[in-house]
Amino acid sequence: MIVDDASDDETPKLLAKLQSDHSELVVVRNSKSKGAAACRNLAIEKATGEYIAGLDDDDLWRPNRVEKLMEEFEDGYSAVTSHDRMDFGEKEVVWKKKPVITLDDLLYYNQVGNQVLTKKSYLEKIYGYDEELPSAQDYDLWIRLVHDFGPIKTAPHVLQVVNMDDNRERISTSGEETTGYRACFDKHRNKMNDQQKKYQEYRIKMAEGEQPGWLEMFRSTPSHLYLKEITRKLFL
């Protein structure tokens, strides 16, 4: 299933060629651009299988991603993710995630990334992606998914390459990033403890371009995330 969000380049021709070679491929094209969340919801609605595994148009799946995620899916978990290779152009970094990501983990920050494999029925029960959020729709969805259906498991493999090129167009690098992130924070702050709220506020400040000092960093960051924030301050 491919959703073409009213592309104005050679994408329709490419998709037509793919369909001629792969009759099972379903392509849905929007006449007007509706945004990532609406497109994902449309794909979920049109999908006929039991499981959903998404892929953004500028990222890549490594071989056997779906098979390996399915091998890890089991009762008691809401979804399965994997380690990601973050492609910055001149360098690549492997993001190794926790074996099990709980609601408590997610209320500090998005520890899942942008895609998982989960059940279509789970997504339908929580009404899919929130189309009112200008960004952070994936983060919001993971919180609701884990809250209702259990933690997210990480397959111990690098199965996705995420394009982090600053020159590409994407929601997470647009001016809407911090607006959506704060809206997501406000939506879920009633689930958070004081430490999670402090850390969220600290991260929003950084996303908005502020450079909090060392004292504020230590006051706002939980001890188990000190190394992460110290590394960020020293090297990023």
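See the structure shown above.
Chemist: Explain unusual backbone geometry here, please?
Modeler: Most peptide bonds are trans, and most residues other than glycine sit at a negative phi. Of note in the backbone geometry, Asn64 takes a positive phi value of approximately 65° without being a glycine. Checked against the element boundaries, Asn64 lands in the loop between β4 (60–61) and α3 (65–72). Located in the positive-phi region is Tyr127, a residue other than glycine, with phi close to 65°. With respect to the secondary-structure elements, Tyr127 resides in the loop between α5 (120–125) and α6 (137–149).

Chemist: What should I look at first to understand the packing of α6 against helix α7 (residues 177–188) in this one?
Modeler: In helix packing, the relevant descriptors are the interaxial angle and the interaxial distance, both defined with respect to the helix axes. Put simply, α6 and α7 touch, their axes get as near as 9 Å, and they point 20° apart. Taken together, the axes of α6 and α7 are roughly parallel relative to one another. Between α6 and α7 the crossing geometry is right-handed. For the pair α6 and α7, contact is made by Tyr139, Asp140, Ile143 and Arg144 and by Tyr181, Cys184, Lys187 and His188, respectively. For the contact of α6 with α7, the per-class residue count stands at four nonpolar, one polar and three charged.

Chemist: Whenever I open this one, the environment of Glu72 confuses me. Can you help?
Modeler: Following the sequence through the fold, Glu72 ends up in helix α3. Look at Glu72 and you get buried, because its relative accessible area is 17%. Distance in space between the C-alpha atoms of Glu72 and Asp58 is 25 Å, their sequence separation being 14 residues. For Glu72, the contacting residues outside a window of four places in its chain are Val80, Lys153, Ala155 and Pro156.

Chemist: What is the right way to read α7 from this model?
Modeler: Compared with the 16 Å implied by 1.5 Å per residue over 12 residues, the 17 Å span of α7 between its first and last C-alpha is a close match. Residues of α7 that are buried sit in contact with α6 and α8 (194–207).

Chemist: Any chance you could explain the pairing of strand β5 (residues 79–87) here in plain terms?
Modeler: Two faces, one strand: in a regular strand the side chains alternate between the faces of the sheet. β5 sits mainly inside the fold: seven of its nine residues count as buried. The pairing of β5 with strand β8 (residues 117–119) spans two bridges and is classified as antiparallel. Among the inter-strand pairings, Val80 is bridged to a residue of β8, identified as Leu117. Across nine bridges, the pairing between β5 and strand β9 (residues 152–163) is parallel. Residue pairing in the sheet places Met86 in a bridge with Val162 of β9. When β5 meets strand β6 (residues 92–95), the two strands line up antiparallel, connected through four bridges. Residue pairing across strands places Asp84 opposite Trp95, the latter belonging to β6.

Chemist: Would you take a moment to explain the packing of α8 against helix α10 (residues 226–235) for this structure?
Modeler: It is the contact of α8 with α10, at a shortest axis distance of 14 Å, that shows an interaxial angle of 15°. In terms of orientation, α8 and α10 fall into the roughly parallel class. Classified by chirality, the crossing of α10 by α8 is left-handed. Along its contact with α8, which presents Tyr199, Tyr202, Arg203 and Met206, the element α10 presents Lys228, Glu229, Arg232 and Lys233. Broken down by class, the residue content of the contact of α8 with α10 amounts to three nonpolar, no polar and five charged.

Chemist: Sorry, what's going on with the side chain of Lys153 here?
Modeler: Examined against the element boundaries, Lys153 turns out to sit in strand β9. For Lys153, the side chain forms a polar contact with the side chain of Glu74, separated by 2.6 Å. Beyond its immediate chain neighbours, meaning those up to four positions away, Lys153 contacts Glu72, Glu74, Tyr77, Ala79, Val80, Thr81 and Pro99.

Chemist: How should the packing of aromatic side chains be read in this particular structure?
Modeler: The relative placement of two aromatic rings is captured by the distance of their centres and the angle of their planes. Applying the stated criterion across every chain yields a total of eight aromatic pairs. When the centroid spacing of 6.4 Å and the interplanar angle of 70° are considered together, the rings of Tyr109 and Tyr199 count as edge-to-face. Taken together, the residues span a long stretch of sequence, with Tyr109 in the loop between α4 (103–106) and β8 and Tyr199 in helix α8 at a distance of 90 residues. With relative accessibility at 12%, the residue Tyr109 sits in the buried group. Between Tyr139 and Tyr181, the aromatic rings sit 6.1 Å apart at their centres with planes inclined by 25°, giving stacked as the arrangement.

Cut-offs used in this document
Residues numbered from 1 in each chain as written. Predicted model: local features only at pLDDT ≥ 70, side-chain atom pairs only at ≥ 80, totals over all residues. Heavy atoms only, no water. Helix = DSSP H or I, 4+ residues; strand = E, 2+ residues; numbered from the N terminus. Axes fitted to C-alpha atoms, helices over the stretch in contact; angles between N-to-C directions. Parallel < 35°, antiparallel > 145°, perpendicular 65-115°, else oblique. Left-handed = near helix turned anticlockwise from the far one by under 90°. Contact = heavy atoms within 4.5 Å. Nonpolar A, V, L, I, M, F, W, Y, C, P; charged D, E, K, R; others polar. Buried < 20%, exposed > 50% of the residue type's maximum accessible area, 1.4 Å probe, protein only. Expected span 1.5 Å × (residues − 1). Pairing = 2+ DSSP bridges. Polar contact = N/O pair within 3.5 Å; in protein donor to acceptor, adjacent residues only side chain to side chain. Phe/Tyr/Trp six-rings, centres within 6.5 Å; stacked < 30°, edge-to-face > 60°.

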